[in-house]
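# Residue-level structure breakdown
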Amino acid sequence: MIIKAPRLDQTIYTLPVEKDDIFNLSYVHSVSRQRVEGTFKITETGMIKPLTTEFDSFGPGLPELDGSIEYEIKNKTFIVYHDEKLREHIRLFVSPLTGEQLSLHDKVYDLTSHHGHPILVKIYIHTAD
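In this text, all values refer to a predicted model and were calculated from it rather than measured experimentally.

Further remarks concern the pairing of strand β4 (residues 35-42). Looking along a regular strand, one sees side chains alternate from face to face of the sheet. Pairing analysis gives 7 bridges linking strand β3 (residues 22-28) to β4, with the strands arranged antiparallel. Counted as the bridge partner of Asn-24 is Thr-39 from β4. Two successive antiparallel strands, β3 and β4, enclose a turn made up of 6 residues, where Arg-33 displays a positive phi of approximately 60°. Pairing of β4 with strand β5 (residues 48-55), which is carried by 6 bridges, proceeds in the antiparallel orientation. Along β5, the bridge assignment pairs Phe-40 with Pro-50. Linking two consecutive strands that pair antiparallel, namely β4 and β5, is a turn of 5 residues; a positive phi of about 85° is found at Gly-46 within it.

Written out as structure tokens, the structure is:
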């Protein structure tokens, strides 16, 4: 897995992964100030499959629980189950204010400590051709 700051042409992390590995992306929501966590799976072809989003309070940008999506409530946490297309990559802005982290293999990687300002990061799987 490669985590890059493409506009800065900088690699932040290079992490070993295998098919079926699960990783999490989390951040502190800028409005609710509560942690939001997304879970993703690496497919056999090196694509990224969104699995779930977990949050305990509503805010802009979070899924609406309007009956059109599958979800459950466990321990006062909403868990939304995704049925989305596979992704080649994930692109997101990270900021010290929202504290984005990636968790993989029981380790947590801070995505925001490398710069003192918001940056765009791209997460993708490097497959050997």
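Let's pick the thread back up.
Turning our attention to the layout of surface pockets. When its volume is computed, the largest pocket comes out at roughly 390 Å³. Considering every element that reaches the lining of the largest pocket, the biggest residue donor is β4, with 5 residues. Here the lining of the largest pocket is composed, by residue class, of 11 nonpolar, 8 polar and 5 charged.

Here we take up the packing of aromatic side chains. Evaluated as defined, the whole model comprises 3 aromatic pairs. Ring geometry for Tyr-13 against Tyr-109: centres 5.1 Å apart, planes inclined by 65°, an arrangement best described as edge-to-face. In this pair, Tyr-13 sits in strand β2 (residues 10-14) while Tyr-109 sits in strand β10 (residues 107-110), placing the two residues 96 residues apart along the sequence. When its relative accessible area of 17% is taken as the criterion, Tyr-13 is described as buried. Positioned above the aromatic ring of Tyr-124 is the side chain of Lys-122, whose terminal nitrogen or guanidinium carbon lies 5.2 Å from the ring centre.

Our next topic: the pattern of salt bridges. Scanning all chains against the criterion turns up 5 salt bridges. As a salt-bridge pair, Glu-44 and Lys-19 come within 3.9 Å of each other at their nearest N and O atoms. Of the two residues, Glu-44 is situated in the loop between β4 and β5 and Lys-19 in the loop between β2 and β3; the sequence distance between them amounts to 25 residues. Classification of Glu-44 as exposed rests on a relative accessible area of 66%. For Lys-19, a relative accessible area of 48% translates into the label partly exposed. Here Lys-41 makes a salt bridge to Asp-20, at a shortest N to O gap of 3.5 Å. Note that Lys-41 is positioned in strand β4 and Asp-20 in the loop between β2 and β3, a separation of 21 residues in sequence. Classification of Lys-41 as partly exposed rests on a relative accessible area of 29%.

Definitions and cut-offs
Residues numbered from 1 in each chain as written. Predicted model: local features only at pLDDT ≥ 70, side-chain atom pairs only at ≥ 80, totals over all residues. Heavy atoms only, no water. Pairing = 2+ DSSP bridges. Helix = DSSP H or I, 4+ residues; strand = E, 2+ residues; numbered from the N terminus. 1 Å grid on protein atoms, 1.4 Å probe; cavity = no way out; pocket = protein on both sides within 12 Å on 5 of 7 lines; lining within 4 Å. Points joined across faces, edges and corners; volume = space filled by probe spheres on them. Nonpolar A, V, L, I, M, F, W, Y, C, P; charged D, E, K, R; others polar. Phe/Tyr/Trp six-rings, centres within 6.5 Å; stacked < 30°, edge-to-face > 60°. Buried < 20%, exposed > 50% of the residue type's maximum accessible area, 1.4 Å probe, protein only. Lys NZ or Arg CZ within 6 Å of the ring centre and 35° of its normal. Salt bridge = Lys/Arg side-chain N within 4 Å of Asp/Glu carboxyl O.

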